[in-house]
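# Secondary and tertiary structure notes
Residue-level listing of the chains:
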Amino acid sequence: MNTTEFMQLALDEAKKSGEDLPIGCIIVKNVEIVATSHNEKELTSDPTAHAEMLCIKRASEELGTRMNGCEMYVTLEPCPMCMWAILEARIDKLFFGAYDTLYGGSTVLNLKDLANSKIEIKGGILEDECSTLVKNYFAKLRNKK
């Protein structure tokens, strides 16, 4: 599988978010999916239940706390909380779809440099599809009010 195909799987995962912001995440090692998740913040009433945090927790059950050799695919650029967890997990590569122009943990606040990390980061993968999913979610919320 290639980067676009893995991001499509993350998009499929995002669509399982129900009432939560539709963000999906997968962690891959040696071209095998180790963990998948989607946002569960509203479902669980847990402000830390972001897709990335849940995916890291699930992957750590199999891999331990160091995820060297892993790649993460997430539909929205990680927030600072999630970005720091990604750096702490020692994930080698981060691929994301839509940019988060308000809270992006790799663009608005460049935590990679702060942590002196060598993580490879690439954004904009299936950006239109990922961005549309998030925009539609917020438009639906506005229409409910």
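Presented here is a report on the structure given in the accompanying data block.

Conventions and cut-offs
Residues numbered from 1 in each chain as written. Predicted model: local features only at pLDDT ≥ 70, side-chain atom pairs only at ≥ 80, totals over all residues. Heavy atoms only, no water. Pairing = 2+ DSSP bridges. Helix = DSSP H or I, 4+ residues; strand = E, 2+ residues; numbered from the N terminus. Axes fitted to C-alpha atoms, helices over the stretch in contact; angles between N-to-C directions. Contact = heavy atoms within 4.5 Å. Phe/Tyr/Trp six-rings, centres within 6.5 Å; stacked < 30°, edge-to-face > 60°. Buried < 20%, exposed > 50% of the residue type's maximum accessible area, 1.4 Å probe, protein only. Salt bridge = Lys/Arg side-chain N within 4 Å of Asp/Glu carboxyl O.

## Brief notes about the sheet that holds strand 2 (residues 32-38)
A sheet is described by the order of its strands in space; here five strands give the open sequence 2-1-3-4-5, paired in mixed fashion. Looking along the sheet, the strands with just one partner apiece sit at the ends: strand 2 and strand 5 (120-122). Within this sheet the neighbouring strands show an average axis-to-axis angle of 15°, counted without direction. Here strand 4 (residues 93-98) runs beside strand 5; their pairing, made up of three bridges, is parallel. Pairing of Leu94 across the sheet is with Ile121, part of strand 5. Packing of helix 3 (residues 51-63) onto the sheet brings it into contact with strand 1 (24-29), strand 2 and strand 3 (70-76), and relative to strand 2 it is tilted by some 145°.

## Quick look at the packing of aromatic side chains
This model, assessed by the stated rule, comprises four aromatic pairs. For the ring pair Tyr73 and Phe95, a centre distance of 4.9 Å and an interplane angle of 15° mean the geometry is stacked. Taken together, the positions of Tyr73 in strand 3 and Phe95 in strand 4 put the pair 22 residues apart, joining distant regions of the chain. A relative accessible area of 1% means that Tyr73 is categorised as buried. A residue is classified by how much of its surface remains accessible, and Phe95, at 5% relative accessible area, is buried. Centroid distance Tyr137 to Phe138: 5.2 Å. Interplanar angle 80°. Geometry classified as edge-to-face.

## A word on the environment of Ile27
Relative to the helices and strands, Ile27 is located in strand 1. For the pair formed by Ile27 and Met72, sequence separation is 45 residues and the distance between their alpha carbons is 4.5 Å. The contacts of Ile27, once residues within four sequence positions are left out, are Glu32, Ile33, Val34, Ala35, Cys55, Ile56, Ala59, Met67, Cys70, Glu71, Met72 and Ile91.

## So, the pattern of salt bridges
Scanning all chains against the criterion turns up two salt bridges. As a salt-bridge pair, Glu13 and Lys16 come within 3.2 Å of each other at their nearest N and O atoms. Judged by its relative accessible area of 8%, Glu13 falls in the buried class. Owing to a relative accessible area of 54%, Lys16 belongs among the exposed residues under this scheme. The salt bridge partner of Arg58 is Glu40, with a shortest N-O separation of 3.4 Å. With Arg58 in helix 3 and Glu40 in the loop between strand 2 and helix 2 (41-44), this pair connects stretches of sequence that are 18 residues apart.

Take it as geometry only, folks, not as evidence of what the structure does.
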